[in-house]
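Observations on the three-dimensional arrangement
Listed below are the residues making up each chain.
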Amino acid sequence: MAIASALRLPFVDGDELHSPESISKMRRGIPLRDEDRKPWLDAIAAKLADTRLYSDGIIVACSALKLDYRNRLRSAARVRFIFLNADEALATHRLSERAHHFMPQSLIESQFHDLERPTAAEADVLTVPASMPLEAAVAAALAYLCRAH
């Protein structure tokens with residue numbers, strides 16, 4: 001949200017685009033499969049592609065865990081990714097600080113199991129250590145986004 005605020009762009013939390021069925025699964029501690037995530041990715045792609053509403057751009061926070069997911073988003077619009085590189089312990093800690101979130105900590109392991117970390121071949125991805133102080137991470141992201149613009 002801090003990046004969107006700094007760039008004066010709309011912000012969408014990708015979690016808000018999950019279907020009620022997927023949210024229910026996650027609340028019950030059931031990991032999502034690719035089939036579950038397809039409508040979610042389509043909803044994110046639709047936001048990214050909506051130049052009528054977001055002609056200047058949009059910032060979407062989401063866990064595009066796999067290369068296929070990122071490629072689906074790339075096919076919808078010109079995108080750039082900021083990959084917050086965290087280990088399981090930090091991700092678990094951060095999730096514990098999110099009040100009233102539907103995803104239980106028990107699903108962190110499945111998220112890391114599915115994660116395909118971006119490689120150097122993905123030139124539109126900036127990797128930022130999630131342990132970096134927020135101000136420094138935002139500054140790095142802004143420098144990358146403004147340079148790549």
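These notes cover the structure that comes with them. Sequence order as written defines the numbering, with residues in each chain counted from 1. In keeping with the predicted nature of the model, local features appear solely for residues at pLDDT of at least 70, side-chain atom pairs appear and are counted solely at 80 or more, and the whole-chain, interface and lining totals rest on all residues. Side-chain calculation: all heavy atoms of the structure are included, whereas hydrogens and water are not.

Okay, the environment of Glu16 next. Strands are runs of DSSP state E lasting at least 2 residues, helices are runs of H or I lasting at least 4, and numbering of each runs from the N terminus. Here Glu16 shows up in the loop between β1 (11–13) and α2 (20–27). In this structure, the C-alpha to C-alpha distance between Glu16 and Arg80, residues 64 residues apart in sequence, is 20 Å.

All right, on to unusual backbone geometry then. Within the chain, Arg8 stands out as a residue other than glycine whose phi angle is a positive 55 degrees. Mapping Arg8 onto the fold places it in the loop between α1 (2–7) and β1. Burial status follows relative accessibility: with a 1.4 Å probe on protein chains alone, a residue under 20% of its type maximum counts as buried, one over 50% as exposed, and anything between as partly exposed. Note on Arg8: relative accessible area 79%, which makes it exposed.

So, on to the environment of Ser96. Its place among the elements puts Ser96 in helix α5 (residues 88–96). Among the residues examined, Ser96 registers a relative accessible area of 43% and is labelled partly exposed. Between the C-alpha atom of Ser96 and that of Ala64, which follows or precedes it by 32 residues, the distance is 21 Å. Any pair of nitrogen or oxygen atoms within 3.5 Å is treated as a polar contact; in protein, a donor-acceptor pairing is required on top of that, and neighbouring residues in sequence qualify only through side-chain atoms on both sides. Within polar-contact distance, the side chain of Ser96 engages the backbone oxygen of His93 at 2.6 Å.

Angles here are taken between N-to-C directions and fall from 0 to 180 degrees, while the axes themselves are lines fitted to C-alpha atoms, restricted in helices to the stretch in contact. Their axes nearest at 9 Å, the elements helix α3 (residues 34–49) and helix α4 (residues 67–76) cross at an angle of 30 degrees. Relative to α4, α3 is oriented roughly parallel. When you trace α3 past α4, the crossing you get is right-handed. Across from Asp34, Arg37, Leu41, Asp42, Ile44, Ala45, Leu48 and Ala49 in α3, the residues of α4 making contact are Tyr69, Arg72, Leu73 and Ala76. Gly counts as polar in this scheme, as do all residues outside two lists: the nonpolar Ala, Val, Leu, Ile, Met, Phe, Trp, Tyr, Cys and Pro, and the charged Asp, Glu, Lys and Arg. Counted by class, the contact of α3 with α4 contains eight nonpolar, no polar and four charged residues. Should an angle fall under 35 degrees it is taken as roughly parallel, and over 145 as roughly antiparallel, whereas 65 to 115 is taken as roughly perpendicular and any remaining angle as oblique. Each helix crossing is assigned a hand: it is left-handed if the near helix lies turned anticlockwise from the far helix by less than a right angle, otherwise right-handed if that turn is clockwise. Whether two residues are in contact is decided by their heavy atoms, any of which lying within 4.5 Å being enough.

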